[in-house]
Structures are given as structure tokens and as C-alpha cells.
Amino acid sequence: MHQHLSSLEQQKRRRWPKMRRVMKTIGLVFLGFLLVGFVYEQVAEQSYVKTHQAPGQRFQVGDHQLHMHCTGSGSPTVVLEAGLGETSYSMAGWIAPAVAQVTRVCVYDRAGYGWSEAASGSRDGNAVTTDLHTLLAQAQEKGPYILAGHSTGGAYVRVFAARYPEQVAGMILLDAQPNEAFTRLPDYPAFYAVFRPVTKLLPYIAQVGIARLFAFAAQTDLPAAENEGAIAAGTTVHQYRAQRDEVAGIPAALTQAQALQSLGNKPLIVVTAPVGAQKGWLALQAEMTKLSTNSVQRVIPNATHTSLIKNQADAVASSQAIVDVVTAVRTAQPLGQE
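In this text, all values refer to a predicted model and were calculated from it rather than measured experimentally.

Draft legend 1. Expanded view of helix α5 (residues 152-163). Between its first and last C-alpha atoms α5 spans 17 Å; for twelve residues at 1.5 Å apiece the expected length is 16 Å, and the two agree. Most of α5 sits inside the fold, with ten of its twelve residues counted as buried. Within α5, burial applies to Thr152, Gly153, Gly154, Ala155, Tyr156, Val157, Arg158, Val159, Phe160 and Ala161. If you follow the buried residues of α5, they end up packed against β3 (78-81), α4 (125-138), β5 (145-150), β6 (168-174), α10 (237-248) and α11 (250-257).

If you want it as C-alpha cells, here you go:
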């Protein structure tokens, strides 16, 4: 018995060196993979910046520069606020060109996104809207503005209207996130509890190029140039850092948006996507029409949360809602009941 145990021990001792060599090899291969990925990511990001120019201009806003691109002419100026994790490319694809045929329209990148520099401090609704207010002043874009916000961008435009009411002429909420997301959307708290930790990991994953490997899966229905720009910007380290900080600021942003109790009789159109809507979403969309005595809701059949912006056919409905608010402001006529 003793000899048998001794034999087993000898076999284990002979295996350990082999296992250590295998583990060492795996570790070196893994480190090599991370190093190659890190270098690849740095080269890819620098290459895009060198070969592409920002569509618009950058303006100094506090300790950072923000990118804004305005097209078209006429008054009032429309300001498009993209959704969570989105750059100006998403709104510049189908919607901005359609609106530019009627009036002046501006898209911009929030701090850390797209062509804008990152900002210090938390990124809640107050921080975002302070940036936007300063950016519009620096760019000498005259108000009052019509604000159109998609998803979380809808919360930001409500914060803006609460803080700068004299600067807002009308509003379009494109499947906008409601103030009561944490209290009246049964599935949202659990989603947020998982999503926030994930966003903390993404910048580290992006640093070694892993996010860029999945860029093909991020193909959109945007026009070719905007699709390329959205994918290139959406896989950068600073983009994921911006998204991480923005997600952390969502609870505060939704609380801050509650300060907007009424737009008075300023025109408001609530555009809603019913397909894939989470439980409770449609009811809260309808309730947002109460922000104005001059409002309508448009539920777009077969539209999803994303397709309202990125699908050409569904984006027509979003663009038309914006144009209709522009017309209502210009003519001082109430929106037609639908």
C-alpha cells in the first residue's frame, strides 16, 4: 500500500512541471493577445481620426470641447439630442437632413462621445444641459429652440426645458425615457442593476480591441457615411467611458427631469414605438402628453425604439413630427388633434 501511494506521488510530481509549462504558455499567449489587441486599438482609433474630419465644429465648453454640426437655415432652430450611448451620427443620418429642408437643425456629441472631448465630474442631466446651453451660446445659435430627444435624450431635453424655459419653443419626445422608469417600469430596475456594472467593464474590454471585433454586428440602417461613423465612434475607449459615466447619472437625470411640470401651450409631440416596448412603457408615453396643453401622441405601427432613428421609413415619422412642431411654432397655430 505504501509503495502504491509513493508511486502516485511520483507520478504527480512528474506531472506538475508539465502543467506549469502549459499554464505558463497559456499565460504568455494570453498576455500576447492582450498586447496585440491594445496596440491594434490604439492604431485603429488614431487612424480614423487622421483619415476623417469632424463634420462640424468644436467649441470650448468649460474644461472640454464639444462638437456641433448645424445645417439648413431658418427659425426656430431644432436641436437633436441622441439617445444613450449614441453619437451625433445617429441623428445626422435620416432625421437632420429631412429637417434641414425646412429650418436650421443642429446635432452634437455629448462629452466623451464622437468628436467631443470628455468632461470631468458626474454626467447627470444638469451636467449635460449645462454643456448644451453653453455650447449653443458659444456657437452663436439663437433660441428659443425646438428640442427633439430620443430615449434618454428625451430626459435631457426635459431637464433643459425645466432649467431654461425661455430658451424652448417646442419639443418632440421620440420614444423618450420616462421620469418614472425606476418606479413604474417593472423590469427596468433589474435591467439597470445588471447594465450598470457591465458598463464599468466595457472601457477595459475596449482597450484591448475586443469591442472592435464585434463592430460588424453593430451595422445599422443609417446611410453609409453615418453608419461608418457611428460604428467607428461606438467602439472607442472614450466612448465606452462616456457611456459608463452617463449610465451612472441616469437616476439623477430622471429625478432632475421631474422639475419640468409644464410647457404651457408650447407644441409637444410624443412619438411612440410599440414594438418590443417593455411593460408599462406605453402608458407612460401617453402620460407625457400632459406636459403641454398643445400636444399629440403618435404611435408608429411596427416601429421599434431604435428604428425611429435608424430605419429610413420609421425616421420619416420622427422627422415629420419635428417639422410639424416647427410649423406650429411659426404659425402660432395649435397642433391638429389626431
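From this point, the discussion proceeds with the structure in view.
Draft legend 2. Just the nonpolar core, in detail. Counting residues in each nonpolar core, the largest one holds 33 residues, and the members touching the most others are Met68, Met171 and Leu173. Not counting chain neighbours up to four residues away, the residues in contact with Leu173 comprise Gly149, Gly154, Val157, Arg158, Leu268, Ile269, Val270, Val271 and Met288.

Draft legend 3. Just the packing of aromatic side chains, in detail. Per the counting criterion, the structure on display carries six aromatic pairs. Relative to Tyr192, the ring of Phe182 lies with its centre 5.1 Å away and its plane at 80 degrees, an arrangement referred to as edge-to-face. Residue Phe182 is located in helix α6 (residues 181-184), and its partner Tyr192 is located in helix α7 (residues 188-207); the two are separated by ten residues in the primary sequence. Assessed through its relative accessible area of 29%, Phe182 is described here as partly exposed. An aromatic cluster of at least three residues, connected via ring pairs, comprises Phe182, Tyr188, Phe191, Tyr192 and Phe195.

Draft legend 4. The arrangement of the side chain of Gln177 in detail. Tracing the backbone shows Gln177 in the loop between β6 and α6. In this structure the side chain of Gln177 is engaged in a polar contact, spanning 3.2 Å, whose partner is the side chain of Thr152.

Draft legend 5. Representation of the state of the cysteines within the structure. A complete count under the given rule lists one disulfide for this structure. Two residues, Cys70 and Cys106, share a disulfide whose sulfurs are 2.0 Å apart. On the S-S bond that ties Cys70 to Cys106, the torsion sits near 110 degrees, and the link is right-handed. Linking Cys70 in strand β2 (residues 64-71) with Cys106 in strand β4 (residues 105-108), this pair joins segments that are 36 residues apart in sequence.

Draft legend 6. A look at the sheet that holds β4. Spatially, β1-β2-β4-β3-β5-β6-β7-β8 is the arrangement adopted by the eight strands of the open sheet, whose pairing is mixed. The two strands at the open ends of the sheet, each matched to only one other strand, are β1 (57-61) and β8 (295-299). Averaged over neighbouring strand pairs, the angle between their axes works out to 25 degrees when direction is ignored. Examined bridge by bridge, β3 and β5 share four bridges and lie parallel to one another. If you follow Glu81 over to β5, its bridge partner there is Gly149.

Draft legend 7. Spatial organisation of the pairing of β8. In terms of strand pairing, strand β7 (residues 268-272) meets β8 through five bridges, oriented parallel. From the neighbouring strand, Ile269 faces β8, where its bridge partner is Val296. For the crossover that starts at β7, traverses helix α12 (residues 281-287) and ends in the parallel β8, the hand is right-handed.

Draft legend 8. Representation of the environment of Gly62 within the structure. Structurally, Gly62 is set in the loop between β1 and β2. Overall, the relative accessible area of 64% leaves Gly62 in the exposed class. Residues Gly62 and Asp131, 69 residues apart in the sequence, show an inter-C-alpha distance of 7.9 Å.

Draft legend 9. Representation of the environment of Arg158 within the structure. The topology assignment puts Arg158 in helix α5. Sequence separation between Arg158 and Met171 is 13 residues; the distance between their C-alpha atoms is 8.6 Å. Excluding residues within four positions of it along the chain, Arg158 makes contact with Met171, Leu173, Ala176, Gln177, Pro178, Asn179, Ala257, Leu260, Met288 and Leu291. In this structure the side chain of Arg158 is engaged in a polar contact, spanning 2.7 Å, whose partner is the backbone oxygen of Gln177.

Draft legend 10. Main features of the pattern of salt bridges. Inspection of every chain in the model, using the stated rule, returns eight salt bridges. Of the charged contacts, one joins Arg104 and Glu141 as a salt bridge, the two residues approaching to 2.9 Å between their closest N and O atoms. Separated by 37 residues along the polypeptide, Arg104 in the loop between α3 (95-100) and β4 and Glu141 in the loop between α4 and β5 bring together distant segments of the chain. A salt bridge links Asp131 to Arg123; its shortest N-O distance comes to 2.8 Å. We classify Arg123 as buried; its relative accessible area is 9%. A single network of salt bridges, built from pairs that share partners, joins Glu81, Arg110 and Glu246.

Draft legend 11. How the structure looks around the side chain of Asp109. Note that Asp109 resides in the loop between β4 and α4. One buried charged residue, Asp109, remains without a salt bridge, the closest side chain of opposite sign being Arg58 at 7.7 Å. For Asp109, the side chain forms a polar contact with the main-chain nitrogen of Trp115, separated by 3.1 Å. Look past the residues within four positions of Asp109 in its chain and what remains in contact with it is Leu66, His67, Thr87, Ser88, Gly114, Trp115 and Ser116.

Quick notes on the rules
Residues numbered from 1 in each chain as written. Predicted model: local features only at pLDDT ≥ 70, side-chain atom pairs only at ≥ 80, totals over all residues. Heavy atoms only, no water. Helix = DSSP H or I, 4+ residues; strand = E, 2+ residues; numbered from the N terminus. Expected span 1.5 Å × (residues − 1). Buried < 20%, exposed > 50% of the residue type's maximum accessible area, 1.4 Å probe, protein only. Contact = heavy atoms within 4.5 Å. Core = buried A, V, L, I, M, F, W, Y, C linked by side-chain atoms within 4.5 Å. Phe/Tyr/Trp six-rings, centres within 6.5 Å; stacked < 30°, edge-to-face > 60°. Polar contact = N/O pair within 3.5 Å; in protein donor to acceptor, adjacent residues only side chain to side chain. Disulfide = S-S within 2.5 Å. Pairing = 2+ DSSP bridges. Axes fitted to C-alpha atoms, helices over the stretch in contact; angles between N-to-C directions. Right-handed = clockwise from strand over helix to strand, strands pointing away. Salt bridge = Lys/Arg side-chain N within 4 Å of Asp/Glu carboxyl O. Lys, Arg positive; Asp, Glu negative; His and termini not counted.

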